[in-house]
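Topology and contacts: notes
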Amino acid sequence: MREFVRPKVVVSRCLGFDHCRYNGNIINSSIVANLMEYVDFLPVCPEVEIGLGVPRDPIRIVLENGEEGLIQPASGRNITEAMKAFCTDFLGSTGEIDGFILKYRSPSCGIKDVKVYPTTSLKSAVIGKTSGYFGRAVLKEFSYLPVEDEGRLRNARIREHFMTRIFMLAAFRKVKSEGSMKDLVAFHSENKYLLMVYGQEELKKLGAIVANKERKNFNELISEYEKHLYSILSRPPRYTSIINVLMHAFGHFSEKLSSKEKTLFFDWIQKYRNGKASLCPTINIIRSWAIRFEDQYLMNQTFFEPYPEGLMEVDSTESHLREDLWK
């Protein structure tokens, strides 16, 4: 059983932690609830933190005379500068974190699709979309980290990519804190197949860094590795890359298998390629062969278990089938 380092994730407080919505409600996010057992959350509500209280009159983003502001229409209060100051103070004091889960479409926390209005009038029509003030500050300050809202995380592929990233970055954070070349080598070795899925060229660069032919000190080396790790994880992998890695793993056993076993494996590969089956059956076949032939190297690969089993979709074909995001 693989042990996972607990990721540190900033989360909007209304997502299951507190009744702090403008109307006093709490948002019951099953995604956040499922992660609570495995993640150390840092809940925050920017609107409450700047003194708006609960319940409160709603705020909105207003673009008037070419200038954007964060306004509370009922009171006419402009809270733009207060929100900006909070963002600077809070984001500068979080310490090392591994990701963010923010409230969907919120004028403070939203990372996209936040409504923009031409005036404070409640009758005015929406004239555009943007990001919330806290959300945009996060995207600017932590562009290299996984940042999602609970709306996008309902998409299974986006959620899988997010969870893969936060658990890998948490494991890497531990490597950094321990300051051992041995730990970095082990991290790279165990994540080799998973990193291969994300990008072969960046994987080669990471491998060259770990080889350390120039005999750099650990701090210099880890900083360079971190830069390329963020880069390789920045985009979700293509389904063709996933198949390529599965074929790579298959090569470990190809000469030891019967023709029927090979046919079964290739049938599942084809079903996955056509979007008619999940990835799980093919991965489980490889894992069973790794156990049968005692291939410890493959059994240690995080590709086969990138995050805790309790977070895996158990009985939802939709959550595993290939989607356009991964093409």
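The structure this text deals with has already been given above.
Now for a description of the structure that goes with this document. (Residues numbered from 1 in each chain as written. Predicted model: local features only at pLDDT ≥ 70, side-chain atom pairs only at ≥ 80, totals over all residues. Heavy atoms only, no water.)

**Overview of the packing of helix α8 (residues 200-211) against helix α9 (residues 218-232)**
- Here α8 crosses α9 at 170 degrees, and the two axes come no closer than 10 Å. Between α8 and α9, the interaxial angle falls into the category roughly antiparallel. Residues E202, L203, K205, L206, I209 and V210 of α8 form the contact with α9, whose own contacting residues are L221, E224, Y225, H228, L229, S231 and I232.
- Within the contact of α8 with α9, the residues separate by chemical class into 8 nonpolar, 2 polar and 3 charged. (Axes fitted to C-alpha atoms, helices over the stretch in contact; angles between N-to-C directions. Helix = DSSP H or I, 4+ residues; strand = E, 2+ residues; numbered from the N terminus. Parallel < 35°, antiparallel > 145°, perpendicular 65-115°, else oblique. Contact = heavy atoms within 4.5 Å. Nonpolar A, V, L, I, M, F, W, Y, C, P; charged D, E, K, R; others polar.)

**Some details on helix α11 (residues 259-273)**
- Over its 15 residues, α11 runs 21 Å from end to end, which matches the ideal 21 Å to within 8%, given 1.5 Å per residue.
- Immediately downstream of α11, the backbone of G275 shows phi near 75 degrees, a positive value. (Expected span 1.5 Å × (residues − 1).)

**Here we look at the side chain of E148**
- Locating E148 in the fold gives a position in strand β9 (residues 147-149).
- Of note is the side chain of E148, whose polar atom sits 2.5 Å from the side chain of R152.
- Those residues in contact with E148 that sit more than four places away from it in its chain are F100, I101, L102, I111, L153, I158 and F162. (Polar contact = N/O pair within 3.5 Å; in protein donor to acceptor, adjacent residues only side chain to side chain.)

**What to know about the pairing of strand β2 (residues 40-44)**
- Two elements, strand β1 (residues 8-12) and β2, share 5 bridges in a ladder whose sense is parallel. Residue pairing across strands places S12 opposite V44, the latter belonging to β2.
- This β-α-β element, β1 to helix α1 (residues 30-35) to β2, shows right-handed connectivity. (Pairing = 2+ DSSP bridges. Right-handed = clockwise from strand over helix to strand, strands pointing away.)

**Focus: the nonpolar core**
- If you look at the biggest cluster of nonpolar residues, it comprises 72 residues, and the most contacted ones within it are F100, F134, Y225, L229, I286 and F303.
- When residues no more than four places from it in sequence are discounted, the contact partners of Y225 are F172, L184, F187, H188, L195, L206, I209 and V210. (Core = buried A, V, L, I, M, F, W, Y, C linked by side-chain atoms within 4.5 Å. Buried < 20%, exposed > 50% of the residue type's maximum accessible area, 1.4 Å probe, protein only.)

**Considering the environment of V39**
- Among the structural elements, V39 can be located in the loop between α1 and β2.
- Here V39 falls in the buried class, since its relative accessible area comes to 3%.
- With 36 residues separating them along the chain, V39 and E3 place their C-alpha atoms 13 Å apart.

**Considering α9**
- For α9, spanning 15 residues, the distance from its first C-alpha to its last is 21 Å, which sits close to the expected 21 Å at 1.5 Å a residue.
- The set of residues buried in α9 consists of F218, L221, I222, Y225, E226, H228, L229, Y230 and I232.
- In this structure, the buried side of α9 is in contact with α5 (156-178), α6 (181-190), α7 (192-198) and α8.
- A side-chain oxygen of the first residue of α9 lies 3.2 Å from the backbone nitrogen of N219; this N-cap is N217.

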